Amino acid sequence: MIHIVKSEETLHQIARDYRIPIQTIINANPTVNPNVIYPGQSIIIPGFPPANTLPYQIDISVNNRKLVVLRDGVQQKEYPIAVGGILHGTPIGNYIVINKAPNPGGPFGTMWMSLSKEHYGIHGTNDPSSIGKAVSHGCIRMYNQDVEELARTIPIGTPVSIHP
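Position labels on residues start from 1 in each chain and follow its written sequence. Reporting of local features is limited, given that this is a predicted model, to residues whose pLDDT is at least 70; pairs of side-chain atoms are given and counted only at 80 or more, and all residues count toward the totals for whole chains, interfaces and linings. To get the side-chain values, all heavy atoms of the structure are used, and hydrogens and water are removed first.

J.: Help me out: how do you make sense of the side chain of Asn29 in this one?
T.: Take Asn29: it is sitting in the loop between helix H2 (22-28) and strand E2 (42-44). Among the residues examined, Asn29 registers a relative accessible area of 6% and is labelled buried. Residue contacts are counted whenever heavy atoms from the two residues lie within 4.5 Å of one another. Setting aside residues no more than four positions away along its own chain, Asn29 makes contact with Ser42, Ile43 and Ile44. By definition, any uninterrupted DSSP run of H or I lasting at least four residues is a helix, any uninterrupted run of E lasting at least two residues is a strand, and each is numbered from the N terminus. Each residue is placed in one exposure class: buried if its accessible area under a 1.4 Å probe, protein chains only, is under 20% of its type's maximum, exposed if it is over 50%, and partly exposed if it falls in between.

Dropping the structure here:
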């Protein structure tokens, strides 16, 4: 897959976001100077399918507190979610789902799906009354049965667009 460098990103941060060793990214991009990357530059992220080869996309509206699953551009399902509170907003941008971890424990409910932004994910909850509110530390919370269904539906690499 291709990552487009954002303002103030470093190759080290990109490697952390995708949970890939930096040397793996350097090896996949032999013409890129790892010390000089710039906004708009394309970086190959090995190990993930190209986004245009996957049928699913996830669209998240922070303001409406809704997660929509699209298949080939057609809405398949809509889920209520909780989003980040005032002090810990949900990050706006385009990401991908990089892994899935069932039963992560603690407040993350029955499923955790990491996003390609370090420390952020889509997960279940041990507090279902929080759904529909802006109370998380920036992650997307879902009812456990909803996040389990989502995890069964989408493949690793699914694009996730988060907007206001």
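Following the structure, the description resumes.
J.: When you look at unusual backbone geometry in this model, what are you seeing that I'm missing?
T.: A negative phi angle characterises most non-glycine residues, just as the trans form characterises most peptide bonds. Notably, Glu8 is not glycine yet its phi reads approximately 70°, a positive angle. The residue Glu8 is located in the loop between strand E1 (2-4) and helix H1 (11-18) in this model. Of note, the phi angle at His119 is positive, near 80°, even though the residue is not glycine. Looking at the element boundaries, His119 is found in the loop between strand E8 (111-115) and strand E9 (121-123).

J.: How should I be thinking about the pattern of salt bridges in this particular structure?
T.: Oppositely charged side chains may form a pair once their charged atoms are brought near each other. Counted as salt bridges are all cases of a side-chain nitrogen of Lys or Arg within 4 Å of a carboxyl oxygen of Asp or Glu. Under the counting rule described, the total for this entry stands at four salt bridges. For Glu118, the salt bridge goes to Arg16, with nearest N and O atoms at 3.4 Å. Residue Glu118 is found in the loop between E8 and E9, and its partner Arg16 is found in helix H1; the two are separated by 102 residues along the sequence. Residue classification places Arg16 among the partly exposed positions, given a relative accessible area of 40%. Note that Lys66 is salt-bridged to Glu78, the shortest N-O span being 3.9 Å. Residue Lys66 is found in strand E4 (residues 66-71), and its partner Glu78 is found in strand E5 (residues 74-80); the two are separated by twelve residues along the sequence. Its relative accessible area of 31% is what places Lys66 among the partly exposed residues. Look at Glu78 and you get partly exposed, because its relative accessible area is 40%.

J.: Looking at this structure, I do not really get the pairing of E4. What am I missing?
T.: For a regular strand, side chains alternate in direction, first toward one face of the sheet and then toward the other. As paired elements, strand E3 (residues 56-61) and E4 share six bridges and run antiparallel to each other. Paired with Ser61 across the two strands is Lys66, which belongs to E4. Between E3 and E4, which pair antiparallel one after the other, the connecting turn spans four residues, and Arg65 there sits at a positive phi close to 55°. The rule for pairing is simple: two strands pair if DSSP sees at least two bridges between them. Of the pairings in the sheet, the one linking E4 to E5 comprises six bridges and is antiparallel in character. From the neighbouring strand, Arg71 faces E5, where its bridge partner is Val74. The antiparallel pairing of E4 with E5 creates a hairpin that spans two residues between the two strands, and Asp72 there sits at a positive phi of about 50°.

All we've got here are geometric facts, nothing functional implied.
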